[in-house]
Amino acid sequence: MYRFCESPLTLTDALRLKAEHGAAARFVAGGTDILVELAGHGGAGAKAGVGLIDLTRIAGLADIWEEDGALHLGPLVTHNQCVRSRLVVEGAFALARACWEVGAPQIRNRATVAGNLVTASPANDSIVPLMALDASVRVESAARGSRTLPLKRFFRGVRQVDLADDEMLTRITVPLQDPAPRGNFIKLGLRRAQAISILSVAGSVGCDGEDWDSAAVTHAAVALGAVAPTVVRATEAEEFLVGRRLTEETVVEAARLAAGQARPIDDLRGSADYRAAMVETLVARLLRQLRDGRERDGWLERPVTLWGDTEGRWPVSTGQDAAATVNGRAVELEGGMTLLDSLRAAGFVGVKEGCAEGECGACTVYLDGMAVMACLVPAERAAGSEVVTVEGLAGSSAESTELLHSVQQALIESGGVQCGYCTPGIVMSAAALLDERSNPNRLEAQEALTGNLCRCTGYRKILDAVVAAGRGATR
């Protein structure tokens, strides 16, 4: 699948390795895009002989901080970290909302915002708010040092960025405003989760007073995703909004102007005509939300992450030459393949392959305490780390004297088990939720299972089991 996987412990070493290998090696952080591509499931297909440089053991790259009037994200900051970050939620809410719309908890635990930018699909969710927020990126190489460029100049076309073969994106910067303008992100997809955008919009609007019904707009930014070769700004709509009150007439005209700047195409997810019409609808919806202060409707105060007590950070001191610890015992896992394939080759066949591209969740395992899709993790990342599969779940909990985890028992009692193929992944996600909050409600159970598909039936009895397992644990 890939020729090698190196795991540098410093940024200097990572840049040196990239300079040595050039285009023959790819940086990997989350791996949620590149492993699908290398397996031939992605649009670019497999690339023979490519190697990986895994960045996840380098300290200090997963930080989010505020400095010099700006918000900064390191290259290993994941989508779930943005969702849980007070700095992001308060200073760049549109980005937090977009990160929440990416994939499912298991994917958000691995997928990085920087990786989303480098992949450079116009349908990528986090690009849209960052474009509206006037973000910039810093890239570095061992030979030429660093350079900073506005995000709009970073993108050259569909899946094309201004990044040389020896360069790495090392920082994302978002300028902050005081007071912070209102902002939000709206995504249109074919389903509620695990969906590629048909189109998306993000916006940031500031006014010259607290009463938004009478105040004039002083700042307006609207970005459109999946309607052009790159994410674009609706500049005509922005210019029209400044100086006007957000009356219904203003909202309607701004939405019409934004739709006029879209250049969508026909594809499997939607026609160009449909996309153009929905740009107008979503921009109007966005502006009404901001005007009425409803941009945070539905936002959970403590979103589900399935990352245990890790705070979303991978341990960086583990030795990449050591054996993996799988269900409490040392195991030498074969490299050059996904963690899913390597675990199954080692006899842990409870981990199932349903799609091999992060769509179904049947391969969910815990890696260093975080729920992940094993089909999207290089096997080498498990070296020196702890892995828990469904075979070791009961023994990893406080119920270690029992044969079954409480979630497994509840699934049996509720009739939530059908063919059983998807069940291991569902059990792992549900158990991670119970570790995160002992008595989850139904909405939290739904959020925890957004990355797990059951192809036999509906989800009512599965959700019944998760909620019942939580209630049983609190009795």
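Fair warning: this is a prediction, and the values are worked out from it, not measured in the lab. (Residues numbered from 1 in each chain as written. Predicted model: local features only at pLDDT ≥ 70, side-chain atom pairs only at ≥ 80, totals over all residues. Heavy atoms only, no water.)

1. Structural notes on the overall build of the protein chain
Assigned secondary structure in the protein chain consists of 17 helices and 19 strands. Looking at the protein chain as a whole, 58% of its 475 residues qualify as buried. Put simply, 65% of the contacts in the protein chain that link residues at least 6 apart link residues at least 24 apart. For the protein chain, the accessible area works out to roughly 19,500 Å², and carbon and sulfur atoms hold 47% of it. Positive and negative side-chain charges in the protein chain, numbering 48 and 59 respectively, have mean positions lying 3 Å apart. (Helix = DSSP H or I, 4+ residues; strand = E, 2+ residues; numbered from the N terminus. Buried < 20%, exposed > 50% of the residue type's maximum accessible area, 1.4 Å probe, protein only. Contact = heavy atoms within 4.5 Å. Areas by Shrake-Rupley, 256 points an atom, 1.4 Å probe, with all protein chains shown as cover. Lys, Arg positive; Asp, Glu negative; His and termini not counted. Charge placed at Lys NZ, Arg CZ, Asp CG, Glu CD.)

2. Details of the environment of Gly 270
Note on placement: Gly 270 falls in the loop between α11 (248–260) and α12 (272–292). For the pair formed by Gly 270 and Ala 468, sequence separation is 198 residues and the distance between their alpha carbons is 40 Å.

3. Focus: the packing of helix α14 (residues 406–414) against helix α15 (residues 423–436)
Contact pair α14 / α15: the axes reach a minimum separation of 9 Å and the direction vectors enclose 120 degrees. With respect to their mutual orientation, α14 and α15 come out oblique. The two elements α14 and α15 meet at a crossing, and its hand is right-handed. Facing α14, whose interface residues are Ser 406, Val 407, Gln 408 and Leu 411, α15 presents Thr 423, Val 427, Ala 430, Ala 431 and Leu 434. When the residues that make up the contact of α14 with α15 are grouped by side-chain class, the tally is six nonpolar, three polar and no charged. (Axes fitted to C-alpha atoms, helices over the stretch in contact; angles between N-to-C directions. Parallel < 35°, antiparallel > 145°, perpendicular 65-115°, else oblique. Left-handed = near helix turned anticlockwise from the far one by under 90°. Nonpolar A, V, L, I, M, F, W, Y, C, P; charged D, E, K, R; others polar.)

4. Comments concerning the sheet that holds strand β5 (residues 70–73)
Pairing within the open sheet is antiparallel, and its five strands lie in the order β4-β5-β10-β6-β7. Unpaired on one side and paired on the other, β4 (64–67) and β7 (145–150) mark the two borders of the sheet. With direction set aside, neighbouring strand axes in the sheet form an average angle of 25 degrees. Where strand β6 (residues 136–141) lies against β7, six bridges are found, and the strand directions are antiparallel. Across the sheet, residue Val 139 finds its bridge partner in β7, namely Arg 147. (Pairing = 2+ DSSP bridges.)

5. Quick look at the sheet that holds strand β15 (residues 324–326)
Strands sit in the order β16-β15-β19-β17-β18 across an open sheet of five strands; the sheet is mixed. Lying at the two open borders of the sheet, with one neighbouring strand each, are β16 (329–331) and β18 (370–373). Adjacent strand axes in the sheet meet at a mean angle of 40 degrees when their direction is disregarded. Sheet topology places β15 next to strand β19 (residues 386–388); two bridges connect them, and they run parallel. In the strand pairing of β19, Thr 325 is matched with Glu 386. Contacts from α15 reach β17 (364–367) and β19, with the element oriented near 45 degrees to β17.

6. Some remarks on the nonpolar core
Core analysis: the largest hydrophobic core is formed by 43 residues, its most contacted members being Leu 73, Leu 95, Leu 117, Leu 130, Phe 154, Phe 155 and Ile 172. Top element by residues in this core is helix α5 (residues 93–100). It accounts for six residues. Beyond its immediate stretch of four places on either side in the chain, Leu 130 contacts Leu 95, Val 113, Leu 117, Ala 135, Leu 151, Ile 172 and Val 174. Membership of the second largest hydrophobic core comes to 34 residues, among which are Ala 215, Leu 282, Val 283 and Leu 290. (Core = buried A, V, L, I, M, F, W, Y, C linked by side-chain atoms within 4.5 Å.)

7. Considerations on the pattern of salt bridges
Enumeration according to the criterion identifies 29 salt bridges in this entry. In this structure, the salt-bridge partner of Arg 84 is Glu 436, at a minimum N-O distance of 3.5 Å. Here Arg 84, found in helix α3 (residues 79–84), pairs with Glu 436, found in helix α15; they are 352 residues apart in sequence, far enough to count as distant. According to the relative accessible area criterion, Arg 84 is partly exposed, its value standing at 27%. For Arg 291, the salt bridge goes to Asp 292, with nearest N and O atoms at 3.0 Å. (Salt bridge = Lys/Arg side-chain N within 4 Å of Asp/Glu carboxyl O.)

8. Regarding empty space enclosed by the protein
Under the criterion given, the structure shown has one cavity of 30 Å³ or more. A volume near 30 Å³ is recorded for the largest cavity. (1 Å grid on protein atoms, 1.4 Å probe; cavity = no way out; pocket = protein on both sides within 12 Å on 5 of 7 lines; lining within 4 Å. Points joined across faces, edges and corners; volume = space filled by probe spheres on them.)

9. Quick look at the layout of surface pockets
Any empty space left between the atoms is revealed when a probe the size of a water molecule rolls over them. As a volume, the second largest pocket reaches approximately 760 Å³. Lining the second largest pocket are 25 residues; nearest its centre among them are Arg 191, Arg 192, Ala 193, Glu 447 and Thr 450. Contributing elements (two or more residues each) for the lining of the second largest pocket: α5 and α16 (442–448). Element by element, the count of residues in the lining of the second largest pocket is highest for α16, at three residues.

10. Some words on the pairing of β4
Bridge count for β4 against β5 is four bridges, and the pairing is antiparallel. By the bridge assignment, Ile 64 is partnered in β5 with Leu 73. In textbook terms, the turn of a hairpin is the stretch between consecutive antiparallel strands, and for β4 and β5 this stretch comprises two residues, one of which, Asp 68, has a positive phi near 55 degrees.

In short, geometric facts, not functional conclusions.
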